[in-house]
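The chain contents come next:
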Amino acid sequence: MSWFLNFMNSSIGKKMQMAITGILLCLFLIVHVIGNLVLFAGPNAFNTYVEALSSVKPLVRSLEVVLALMFIWHIFNGVRLTIENRKATPEKYLMNKAAENSKLTSRTMGLTGSLIFIFLVTHLGTIWRLFQLEHGGGKFYDIVISGRFGFNNIYYTLIYIFAMALLGLHLRHGFQSAFQTFGWNHSKYKPLISGVAVFFWLIIPLAFMSIPIYFGLLGGGN
Amino acid sequence: MNVTLKVWRQSNSQSKGFFSIYNVSDVSEEMSFFEMLDMLNESLVEKGEEPIAFDHDCREGICGTCGVFINGRAHGPISGITTCQLHMRRFNNGDTIIIEPWRAKAFPVIKDLVVDRTSLDRVMMSGGYVSVNTGGTPDANAIPISKVNADEAMDAASCIGCGACVATCKNSSAMLFVSAKVSQYALLPQGMIEKKIRAQNMVDSMDEEGFGNCSNTYACEAECPKEISVSHIARMNREFFKASIS
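Residues numbered from 1 in each chain as written. Chains lettered and ligands numbered in written order. Predicted model: local features only at pLDDT ≥ 70, side-chain atom pairs only at ≥ 80, totals over all residues. Heavy atoms only, no water.

Asks: Help me out: how do you make sense of the overall build of chain A in this one?
Replies: Counting secondary structure elements, chain A contains nine helices and zero strands. The order of helices and strands in chain A, counted from the N terminus, is α-α-α-α-α-α-α-α-α. Taken along the three principal axes of its C-alpha coordinates, chain A extends 55 × 45 × 35 Å. Burial status across chain A gives 41% buried among its 222 residues. Long-range contacts, defined as pairs at least 24 residues apart, comprise 74% of the intrachain contacts of chain A with a sequence gap of at least 6. Within the structure as shown, chain A displays about 12100 Å² of accessible surface, and the carbon and sulfur contribution to it stands at 73%. Here chain A contributes 17 positive and 7 negative side-chain charges, whose respective centroids are spaced 9 Å apart. (Helix = DSSP H or I, 4+ residues; strand = E, 2+ residues; numbered from the N terminus. Buried < 20%, exposed > 50% of the residue type's maximum accessible area, 1.4 Å probe, protein only. Contact = heavy atoms within 4.5 Å. Areas by Shrake-Rupley, 256 points an atom, 1.4 Å probe, with all protein chains shown as cover. Lys, Arg positive; Asp, Glu negative; His and termini not counted. Charge placed at Lys NZ, Arg CZ, Asp CG, Glu CD.)

In structure tokens:
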């Protein structure tokens, strides 16, 4: 087992853990956004969908445990890497024109990640918690568009839109970066990876944003 | 032309450094950056002051000895060159030029702009060689090597170990340097035999030296005077992974 621990604690091993958990979290986003888009089909469709999920609770709960582990792993590892990297650079330059040699999104992964984490905590504490407390009665749609923690609350709506923009920036760097870390940097597959990356960093955040924009800002669903 | 220099001065590795300001006049735009520093140093010596220490050797961009951070960029504002290849015509009359040593925990300052890069030497000692018996010099073309591999190995081998990749990386990661060395051998028949153990040992050594972790900003590729590609980092990641699991 020592070879395994050596790998996990090596710089490249830690990067690979970041990449694997990151890609798995990206896959979760697909499932999540599809569920959200059901809101556009109206209250009945959305409530039926959420109740259908409730009927397979053991499966949902086990997947939630895996998901939580992925999040914790990704965040813990990210914090660990950030601390180590700070230690490796004890003195900063008086002048550093980083913008001339790298993209802002690649240099702010810790910042965007931390802000997304804050959003995640508020998200779990509000909509997710209310969904757990709700049993039947078809109130799920109402929770989402309510003025309390739903999209009729302008602050919640704006925070949600902002958080999804941050998610887009995080994945702008994160998605393609994961493949470089796996060692899949090849002129043949680069266009494919960049193409799929657009789906994750642009299309998915926009799809998430479409809901607060429609229900919150444009007054849809009322 | 006249320029104002803001230069990092530090008398030894233990002492605290500071920025000193020097006004240098009558600088010719044909001068190299180092010739301008030489001129300043001569005037400092005449005045009985300590000249500015900076690393340099070949002054033709091939040895990898020189390297300072100039106005926020490793090797200065022009991409694809070492500091010694930078000329004063790249600056304007009246410019203030900030000159700093490479900053990284693994590159402690020895004096002024000179840093200790022996950490890179120790990484090389851990695997940057071929130790199998390859016999005498074979006839030309006796060992078939594809043009693609030969070119890629040569691109990797053009690394001069100047440390700009580490200096510019926000994490002080040495991944571009180490991966160039891993690649240069892994692509050729003589080096291929030990590619797994080499990747393992060189990455272990890199981690021990206190370099940071790569976060794929690709600043290293942008600042490398030899324009070495980050695709070599991807190759090292593959080799290290394969070496770890088998």
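Now that the structure has been shown, we can carry on.
Asks: What is the right way to look at the overall build of chain B in this model?
Replies: In terms of regular secondary structure, chain B is built from nine helices and seven strands. C-alpha atoms of chain B, sized along the principal axes, occupy 60 × 40 × 35 Å. Within chain B, the proportion of its 246 residues that are buried is 53%. Once local pairs closer than 6 in sequence are excluded, the contacts in chain B between residues at least 24 apart make up 68%. Looking at chain B, you have 23 positive and 30 negative side-chain charges, and the mean spots of the two groups are 6 Å apart.

Asks: Would you mind showing me how to read the sheet that holds strand β3 (residues 69–70) of chain B here?
Replies: In any sheet, the strands associate via hydrogen bonds between backbone groups, in a parallel or an antiparallel arrangement. All names here are of chain B. Strand order in this open sheet of five strands is β2-β1-β5-β3-β4, and the pairing throughout is mixed. Strand pairing shows two members of the sheet lacking a second neighbour, β2 (18–24) and β4 (73–74), which therefore form its edges. As paired strands, β3 and strand β5 (residues 96–100) are joined by two bridges and run antiparallel to one another. Its bridge partner being in β5, Ile70 is matched across the sheet by Ile99. Strand contacts of helix α1 (residues 33–46): β1 (3–9), β2, β3 and β5, with the helix running at about 95° to β2, the strand carrying the most contacts. (Pairing = 2+ DSSP bridges. Axes fitted to C-alpha atoms, helices over the stretch in contact; angles between N-to-C directions.)

Asks: It is not clear to me how the interface of chain B and chain A should be interpreted in this structure. Could you clarify?
Replies: Much of the literature gives interface size as the accessible area that the parts lose upon coming together. Between chain B and chain A, the contact holds 47 residues from the first and 36 residues from the second. The junction of chain B with chain A conceals about 3300 Å² of combined surface from both sides, 55% of it contributed by carbon and sulfur atoms. The three residues of chain B that bury the most area against chain A are B:Arg103, B:Asn213 and B:Asn216, which together make up 18% of that side's buried surface. Applying the counting rule to chain B against chain A returns two salt bridges. Taken together, the connections running from chain B to chain A amount to 23 residue pairs in polar contact (both at pLDDT 80 or more). Elements represented by at least two residues in the side of chain B that touches chain A include exactly β1, β5, α4 (164–168), α7 (195–208), α8 (219–223) and α9 (231–245) of chain B. Broken down by element, the side of chain B that touches chain A gets its largest block of residues, 10 residues, from α9(B). (Buried area = accessible area lost by both parts, 1.4 Å probe. Salt bridge = Lys/Arg side-chain N within 4 Å of Asp/Glu carboxyl O. Polar contact = N/O pair within 3.5 Å; in protein donor to acceptor, adjacent residues only side chain to side chain.)

Asks: I would appreciate a short explanation of the pattern of salt bridges in the present structure.
Replies: Opposite charge on two side chains makes pairing possible when the charged atoms of those side chains draw close. For the coordinates displayed, the defined rule picks out 16 salt bridges over all chains. In this structure, the salt-bridge partner of B:Arg73 is A:Glu100, at a minimum N-O distance of 2.6 Å. Linking B:Arg73 in strand β4 with A:Glu100 in the loop between α4 (57–88) and α5 (104–107), this pair reaches from one chain into another. Its relative accessible area of 5% is what places B:Arg73 among the buried residues. B:Arg198 is the partner of B:Glu194 in a salt bridge, and the nearest nitrogen-oxygen pair spans 3.8 Å. For B:Glu194, a relative accessible area of 14% puts it in the buried group. Looking at B:Arg198, the relative accessible area reads 3%, which means it is buried.

Asks: I keep staring at the packing of aromatic side chains and nothing clicks. Help me out?
Replies: To describe a pair of aromatic rings, one takes the distance between the centres and the angle between the planes. Throughout the structure, instances matching the rule amount to 26 aromatic pairs over all chains. For the ring pair A:Phe151 and A:Tyr156, a centre distance of 6.2 Å and an interplane angle of 45° mean the geometry is tilted. Centroid distance B:Phe34 to B:Phe54: 4.7 Å. Interplanar angle 25°. Geometry classified as stacked. Of this pair, B:Phe34 sits in helix α1 while B:Phe54 sits in the loop between α1 and β3, and the two are 20 residues apart along the sequence. (Phe/Tyr/Trp six-rings, centres within 6.5 Å; stacked < 30°, edge-to-face > 60°.)

Asks: Is there a simple way to explain a nonpolar patch on the surface in this structure?
Replies: Residue and element names in this part refer to chain A. On the surface, a cluster of nonpolar side chains totalling about 970 Å² of accessible area is made up of Leu37, Phe40, Ile154, Tyr155, Leu158, Ile159, Ile213, Tyr214, Leu217 and Leu218. Only α8 (154–182) and α9 (190–217) provide two or more residues apiece to the nonpolar patch. Per element, the largest residue contribution to the nonpolar patch is four residues, and it comes from α8. Checked against the element boundaries, Leu37 lands in helix α2 (residues 11–37). (Patch = residues over 30% accessible without salt bridge, like charges linked within 9 Å, V, L, I, M, F, W, Y side chains within 5 Å.)

Asks: Any chance you could explain the pairing of β5(B) here in plain terms?
Replies: Each regular strand displays side chains that alternate between the two surfaces of the sheet. Residue and element names in this part refer to chain B. Among the five residues of β5, four are classified as buried, and the element is accordingly described as predominantly covered. In this sheet, β5 lies alongside β1 in parallel orientation, the contact comprising four bridges. From the neighbouring strand, Thr4 faces β5, where its bridge partner is Thr96.

Such coordinate-based values are descriptive only and should not be taken to indicate function.
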